[in-house]
Amino acid sequence: LFNKYQELKGNIRVMCRVRPPLGALEEDRAGMSFPDEKTSAEIVLAGPEERSSLGVVSRKNYPFEFDRVFMPASQNEEVFGEISQLVQSALDGYNVCIFCYGQTGSGKTHTMSSDDGMIPRATHMIYDTITKLKEKSWEYTMEGCFVEVYNEELNDLLVPNERNAKKLEIRHDEARKQTTIINCKTVKLSSPDVVETMLSEAQKNRSVAATKANERSSRSHSIFILKLVGKNLATGEQCEGTLNLVDLAGSERLKHSQAEGDRMKETQNINKSLSCLGDVIEALGRGSGHIPYRNSKLTHLLQYSLGGNSKTLMFVMVSPLEVHLKETLTSLRFATKVHNT
Ligand code: ADP
Ligand code: MG
């Protein structure tokens, strides 16, 4: 019943999450206000103080509305509560994409890939559900892979030395509307703790691959892909769904003038792929006949999980600090464009 209700709401949803100030230095520097209700959909940014010719000090307000706004005090558990229906949809045979968008430091990785983030929570929930469904003659397999798109190239995060790794290739099966990544390491998630190993392995491989692992991860998109194949042993019914959990590259606008050479190319690729993702979701929302999936590696990879009857959720993550007001406004405007389609 709940999934029916979600379908009525449309297949693209956008939620905002404000991270808390970190430590004493950041306290009281917030530039946002919220209505009182605990589960709100509104967020209001307060602009810088302006003084009129009569000496009256005021601030401009920038209100935004999404499907849901998570306040700084919210925990990952509460956030997961909003996505658990989508995780269920993947078990029901849908393709699902969940993105975290936002500037570096806004809380994308905390929400998605940390030890108590959406990736381990989703995996645990799926594992529990699969165990229960066994009693109803459903047998499921859950397989995962973990890749990154860096500089418009696809890398396997589960393979230690990227130089020795075979080149990954995206293969689409048009008839089944499914995507396979050729040469990608796939892990059978036979028990729920396998996912923790995958996350820490990816973290390790990243730090070997790049001298500055954090910097690298903020400049690449990481995509955790769970494939769920179910078969009812009594009725022969089958279903195949995919859950894509995407931690996007930092959305901060990097000035071209500050970057040179490789860095410049990197910057252009990030800007391009993020705006391309926005374009694809917008075109889908408009019901356009041509969806520009091929304009970036990320949308090409996720082609069958964006659009059609697949489900998309974008979290736009923002910092609570006034110094980040400009970036926050840019992020919320991007999210509004996606939300209003
Ligand atoms: P991003 O991945 O967007 O660059 P991170 O997830 O790494 O940002 O977050 C930056 C810092 O803020 C990290 O130290 C993280 O632990 C902390 N942080 C982010 N969101 C929260 C939150 N909701 N609650 C507590 N700490 C958070
Ligand atoms: Mg991060």
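Please refer to the structure placed before this passage.
Predicted, not measured: the structure shown is a model, and the values here were computed from it.

Asker: I'm lost on the environment of Asn95 in this one. Help?
Answerer: With respect to the element layout, Asn95 can be found in strand 5 (residues 95-101). In the structure, Asn95 is positioned 216 residues away from Lys311 in sequence and 6.5 Å away in space, judged by C-alpha atoms. Leave out the neighbours within four places in its chain, and Asn95 touches Lys177, Gln178, Glu240, Gly241, Thr242, Tyr304, Ser305, Ser310 and Lys311. A polar atom in the side chain of Asn95 sits 2.9 Å from the backbone oxygen of Tyr304.

Asker: Please explain the site of ligand 1 as it appears in this structure.
Answerer: Taken together, Arg17, Arg19, Pro20, Leu22, Gln103, Thr104, Gly105, Ser106, Gly107, Lys108, Thr109 and His110 make up the full set of residues near ligand 1. The separation between an oxygen atom of ligand 1 and a polar main-chain atom of Gly105 is 2.6 Å. In the environment of ligand 1, an oxygen atom lies 2.8 Å from a nitrogen or oxygen atom belonging to the side chain of Thr109. The fraction of the free accessible surface of ligand 1 (550 Å²) that becomes covered by protein chains is 68%. The site holding ligand 1 turns out to be the largest pocket.

Asker: Help me understand helix 5 (residues 118-133) in this model?
Answerer: One turn of an α-helix holds 3.6 residues; hence residues three or four places apart share an orientation. Compared with the 22 Å implied by 1.5 Å per residue over 16 residues, the 22 Å span of helix 5 between its first and last C-alpha is a close match. Three or more residues of helix 5 are buried, namely Met118, Ile119, Pro120, Ala122, Thr123, Met125, Ile126, Thr129, Ile130 and Leu133.

Asker: What am I meant to see in the layout of surface pockets here?
Answerer: Space left empty within the atom packing is revealed by a probe, the size of a water molecule, rolled over the atoms. Quantified by volume, the largest pocket comes out at close to 740 Å³. Residue lining of the largest pocket: 42 residues in total, with Gly107, Lys108, Thr109, His110 and Asp247 positioned closest to the centre. Looking at the lining of the largest pocket element by element, the count peaks at six residues for helix 6 (residues 194-209). Of the residues belonging to the lining of the largest pocket, the class tally is 11 nonpolar, 21 polar and 10 charged.

Asker: Hey, could you run me through the packing of helix 8 (residues 261-286) against helix 10 (residues 325-339) in this one?
Answerer: Between two packed helices, both the angle of their axes relative to each other and the distance between the axes serve to describe the pair. The geometry of helix 8 relative to helix 10 is characterised by a closest axis approach of 8 Å and an angle of 25 degrees between their N-to-C directions. The angle between helix 8 and helix 10 places the two elements in the roughly parallel class. Contacts between helix 8 and helix 10 involve Leu274, Gly278, Asp279, Ile281 and Glu282 from the former and Phe334, Lys337 and Val338 from the latter. Broken down by class, the residue content of the contact of helix 8 with helix 10 amounts to four nonpolar, one polar and three charged.

Asker: Just checking my understanding: could you explain the pairing of strand 13 (residues 311-318) for this structure?
Answerer: Two faces make up the sheet, and in a regular strand the side chains alternate between them. With respect to burial, strand 13 is a largely interior element, eight of its eight residues being buried. Residue alternation in strand 13 divides its side chains into two sets, Lys311, Leu313, Phe315 and Met317 and Thr312, Met314, Val316 and Val318, and both sets are buried. Summarising the sheet, strand 1 (residues 12-18) and strand 13 pair through seven bridges and their orientation is parallel. Across the sheet, the residue bridging to Cys16 is Val316, located in strand 13. Alignment of strand 5 against strand 13, held across six bridges, turns out to be parallel. Its bridge partner lying in strand 13, Ile98 is registered against Leu313.

Asker: Is there a simple way to think about the side chain of Asn95 in this case?
Answerer: The exposure class of Asn95 is buried, given its relative accessible area of 8%. A polar contact of 3.2 Å, which involves the side chain of Asn95, links it to the side chain of Thr242.

Asker: Explain the side chain of Asn232 to me, please; I cannot follow it from the model alone.
Answerer: Position of Asn232 relative to the elements: it lies in strand 11 (residues 221-232). Since its relative accessible area comes to 7%, Asn232 is described here as buried. Looking at Asn232, its side chain comes within polar contact range of the main-chain nitrogen of Ala234, at 2.8 Å. Sequence-distant contacts of Asn232, defined by excluding residues within four places in its chain, comprise Lys136, Ser137, Trp138 and Glu237.

Asker: What is the right way to look at the pairing of strand 3 (residues 40-51) in this model?
Answerer: Pairing of strand 2 (residues 32-33) with strand 3, which is carried by two bridges, proceeds in the antiparallel orientation. When the sheet's bridge partners are listed, Ser33 is paired in strand 3 with Val44. Relative to strand 4 (residues 57-70), strand 3 is paired through nine bridges, and the arrangement is antiparallel. Across the sheet, residue Glu49 finds its bridge partner in strand 4, namely Arg59. Linkage of strand 3 to strand 4, two consecutive antiparallel strands, is achieved through a turn of five residues, within which Gly55 is found at a positive phi near 85 degrees.

Conventions adopted
- Residues numbered from 1 in each chain as written.
- Chains lettered and ligands numbered in written order.
- Predicted model: local features only at pLDDT ≥ 70, side-chain atom pairs only at ≥ 80, totals over all residues.
- Heavy atoms only, no water.
- Helix = DSSP H or I, 4+ residues; strand = E, 2+ residues; numbered from the N terminus.
- Contact = heavy atoms within 4.5 Å.
- Polar contact = N/O pair within 3.5 Å; in protein donor to acceptor, adjacent residues only side chain to side chain.
- Near = heavy atom within 4 Å.
- Areas by Shrake-Rupley, 256 points an atom, 1.4 Å probe, with all protein chains shown as cover.
- 1 Å grid on protein atoms, 1.4 Å probe; cavity = no way out; pocket = protein on both sides within 12 Å on 5 of 7 lines; lining within 4 Å.
- Sits in = over half its atoms within 2 Å of the grid points.
- Expected span 1.5 Å × (residues − 1).
- Buried < 20%, exposed > 50% of the residue type's maximum accessible area, 1.4 Å probe, protein only.
- Points joined across faces, edges and corners; volume = space filled by probe spheres on them.
- Nonpolar A, V, L, I, M, F, W, Y, C, P; charged D, E, K, R; others polar.
- Axes fitted to C-alpha atoms, helices over the stretch in contact; angles between N-to-C directions.
- Parallel < 35°, antiparallel > 145°, perpendicular 65-115°, else oblique.
- Pairing = 2+ DSSP bridges.

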